[in-house]
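Remarks on the overall topology
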Amino acid sequence: MNRRFRPEDLLNWLSGLTMVAALYLVFLYAPREATMGDVQRIFYFHVSSAWVGFFAFFITLVSGIAYLRTRRRRWDIVALSSVEIGLTFTAMAVITGSIWAKPTWNAWWPWQQEPRLILVTILLLIYLSYLMLRAFLEGEERKARFAAVYGIVAFASVPLTFMSIRLWQRLHPVVFEREAITWPRRCWPPFSSVSSPSLSSTSHCCFIAYGWGSWGTRPKD
Amino acid sequence: MNFLNKVLTIVWKDVMAELRTKEMFSSMLVFALLLIVIFNFSFELRVDKVAQVVPGVLWVTFAFAGTLELNRSLALEMENGCLEGLFLAPMDRSVIYFGKMLGNLIFISVIEALMLPIFSVVFELNLIQPSLLITIFLGTVGFAAVGTLLSAMAVNTRAREVMLPVLLFPIILPVVISAVKVTAGILDGLPLGDLAQWLRVLIGFDIIFLVVSYMTFDYVAEG
C-alpha cells in the first residue's frame, strides 16, 4: 500500500519521538523528589495532560467562533475533535491526580478540601453536555451551529470558575498545601529541594509530545 | 417603535398570556412547595443547625423551579408555531432575546418572592433582608441570561425537557456557587464588605453571560 505522505504523519512521528524522550526524562533524567518520592513523577503526566485538556477546550472556543463567522464545516470538525481530545486528557489528568492523591492525601477524591477537583468536574460535565447536545440534535448544519454557540458559552464560564476557586481559599482555609499542586513556571516551591530546570523541561517535553500527538490524529473532513 | 418598546411588548405578551392561563405560576408554586417540604424532611432529622443547609436548599429550589419555568416559557412558543411568528416579526433578534429574558426574569423572581416567606417560616430564619434580596436577584439575572439562550437551543432537540437542565446546570454552576457563598455569608451575619469578592464574581458572571448570550442568540434563533 503506497500512501501519500501527509503533514500529520510528520507530527505523529515527532510526537512518538518526543514521547520516548519524555519517558526517558520522566523516569531517568528527573531526580527523585525529596519528600514525596517516586510518586511525584506522576506530576509530569498529570500537569501536561491537564494543560492539553484546557488548551483543547480553548481550541473549541476559537473554532466555534470561526465556524459561526465562515460557516465552513471544517471548523466544526476541529471543534468536535478538540472536545474529544480535551475530555480524554482531562480524564487522564483526573485519573493520574487521583492516583497521586491517594498516597499523598490519603484519599482518592478529597473534593471538600480541594476546590480544583470541583473545577475539573464542572469542566468534564460541561463538555459531556456538549456531546449530549450534538447527539440530540437533528441536521448537520444545526448541530454545528448550536455546538459552536455552546462551546462559546461553556468557555466563558471556565476562566471565571478558576477565579472563583482562588477566592474560595480566602474564605475557607484549606487543609492541604495549595502550592504543592499549582505549577506556574516561575515558582516551584515543592521542588526547591531539587534542581528545577530538569523538572520543568521534563514537563514541557510531555506537554509537547501530547500536543503533537493529539493534533496529528485529528480527523479530516 | 424603539428598541425598549419592542422588548416591553414581548414581555407584556408573555405576562398577559400567563395572567390569562395562570398555568406556570400554579404549577411552579406547587412544585416549589413540594421541594421545600422534601428538603425540610430530608434534612431535619440529621442537621443540628438548619441555617447551615438553607443557602444550598434555597438555590437548589430556585434552580429547579427556574428550569421548569424556562422549559415552559419556550414550549409555550412552540405551540401553534408562535416562535416562527416571533422570528418573522420585523425586528432585531436581540429584541426577542431581551424580551424573553426579561419575561423569564420576572416570572422566576415572582416565584422566588412567593417562596421566600414560606422558606422563612419553615426554616425559622428571616430571609427577607435587603442584602439577601439583592443577592437573589443577581443570581436570578445570571440564571435567566444563560437560561433563555439555552432553552431556545433545547426546544430544538429531541428530548427537550431533559436537555435543558443537562445543558444549563454545569454552565450555571459558577453563578450558583457564588450566590450560595454570598447567601451563606449574609445568613452568618458577615458584613457585606467581607463578601465583596464573591459578589464581584456573581456580578461578573451576570455581565459576561448576558453579553455572550446576547451575541450568540442570533445564531440560535436561525431555527
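Computed from a predicted structure; not experimentally measured.

Looking at the overall build of chain A
- Looking only at helices and strands, chain A has 6 helices and 0 strands in total.
- When each of the 221 residues of chain A is scored for burial, the buried share is 37%.
- Taking as baseline every contact in chain A between residues at least 6 positions apart, the subset at least 24 positions apart corresponds to 75%.

Notes on the overall build of chain B
- Across its full length, chain B holds 8 helices and 0 strands.
- Tracing chain B from N to C terminus, the helices and strands come up as α-α-α-α-α-α-α-α.
- Whereas a compact globule of 223 residues would reach a radius of gyration of roughly 17 Å, chain B reaches 18 Å, a difference of no more than 12%.
- Considered along the principal axes of its C-alpha atoms, chain B spans approximately 55 × 35 × 30 Å.
- In chain B, which comprises 223 residues, the proportion classed as buried is 43%.
- Considering only residue pairs separated by 6 or more positions, chain B has 81% of its internal contacts joining residues 24 or more positions apart.

Points about the interface of chain A and chain B
- Each partner contributes residues to the interface: chain A has 25 residues there, and chain B has 29 residues.
- Where the side of chain A that touches chain B is concerned, the elements lending two or more residues are α4 (115-135) and α5 (140-171) of chain A.
- The biggest single contributor to the side of chain A that touches chain B is α5 of chain A, with 16 residues.
- Grouping the amino acids of the side of chain A that touches chain B by side-chain chemistry returns 19 nonpolar, 4 polar and 2 charged.

Here we look at the nonpolar core
- Residues A147, Y150 and V153 of chain A together with V146, M153, L167 and V176 of chain B are the most contacted members of the largest nonpolar core, which totals 105 residues.
- A total of 15 residues in this core trace back to one element, the largest contributor, which is helix α7 (residues 160-187) of chain B.
- In contact with L167 of chain B, other than residues within four places in its own chain, are S129, L133 and Y150 of chain A together with L150, M153 and A154 of chain B.

Side note on the packing of helix α6 (residues 130-154) of chain B against helix α8 (residues 196-220) of chain B
Residues and elements named next belong to chain B.
- Where α6 contacts α8, the two axes come as close as 9 Å, and the packing angle between them is 20°. Taken together, the axes of α6 and α8 lie roughly parallel to each other. Handedness of the α6/α8 crossing: left-handed. Contacts from L138, G139, V141, G142, A145, V146, T148, L149, A152 and M153 in α6 reach L202, I203, F205, D206, F209, L210, S213, T216, F217 and V220 in α8.
- Here the residues of the contact of α6 with α8 are counted per class, giving 14 nonpolar, 5 polar and 1 charged.

Observations regarding helix α1 (residues 7-29) of chain A
- Here α1 of chain A contains 23 residues, and its C-alpha end-to-end distance of 31 Å stays within 8% of the 33 Å for a straight helix at 1.5 Å per residue.
- Buried within α1 of chain A we find S15, T18, A22, L25 and V26 of chain A.

Notes on helix α1 (residues 3-21) of chain B
Residues and elements named next belong to chain B.
- Taking 1.5 Å of rise per residue, 19 residues should cover 27 Å, and α1 covers 28 Å from first to last C-alpha, within 8% of that figure.
- Those residues of α1 lying buried are V7, I10 and D14. All buried residues of α1 fall inside an arc of 65° around its axis, so they share one side. Facing away from the buried side of α1 by more than 90 degrees, the exposed set consists of L4, N5, W12, M16, L19 and R20.
- Looking at the buried residues of α1, the elements they touch are α5 (93-123).
- Immediately beyond the C-terminal end of α1, within one or two residues, lies K22, with a positive phi of roughly 55°.

Details of the confidence of the model for chain B
- Model confidence for chain B is summarised by a mean pLDDT of 87, while 98% of its residues fall at 70 or above.
- Here the predicted complex scores 0.82 on pTM and 0.87 on ipTM.

Describing the packing of α7 of chain B against α8 of chain B
Residue and element names in this part refer to chain B.
- Viewed as axis vectors pointing N to C, α7 and α8 meet at an angle of 150°, and their least axial separation amounts to 9 Å. As summarised for this structure, α7 and α8 are arranged roughly antiparallel, according to the angle between their axes. In terms of crossing hand, the pair formed by α7 and α8 is left-handed. Contacts between α7 and α8 involve P174, V175, S178, A179, K181 and V182 from the former and W198, L199, V201, L202 and F205 from the latter.
- Here the residues of the contact of α7 with α8 are counted per class, giving 9 nonpolar, 1 polar and 1 charged.

Examining unusual backbone geometry
- If you check the backbone angles, R71 of chain A has positive phi at about 60° while not being a glycine.
- Considering the arrangement of structural elements, one finds R71 of chain A in the loop between α2 (42-70) and α3 (73-105).
- Positive phi, close to 55°, is recorded for E124 of chain B, a residue that is not glycine.
- Its location among the elements puts E124 of chain B in the loop between α5 and α6.

Parameters at a glance
- Residues numbered from 1 in each chain as written.
- Chains lettered and ligands numbered in written order.
- Predicted model: local features only at pLDDT ≥ 70, side-chain atom pairs only at ≥ 80, totals over all residues.
- Helix = DSSP H or I, 4+ residues; strand = E, 2+ residues; numbered from the N terminus.
- Buried ≥ 20, exposed ≤ 12 C-beta atoms within 10 Å, placed from the backbone.
- Contact = placed C-beta atoms within 7 Å.
- Rg over C-alpha atoms; globule rule 2.2 N^0.38 Å.
- Nonpolar A, V, L, I, M, F, W, Y, C, P; charged D, E, K, R; others polar.
- Core = buried A, V, L, I, M, F, W, Y, C linked by C-beta atoms within 7 Å.
- Axes fitted to C-alpha atoms, helices over the stretch in contact; angles between N-to-C directions.
- Parallel < 35°, antiparallel > 145°, perpendicular 65-115°, else oblique.
- Left-handed = near helix turned anticlockwise from the far one by under 90°.
- Expected span 1.5 Å × (residues − 1).
- Arc of directions from axis to C-beta.
- pLDDT = per-residue confidence, 0-100.

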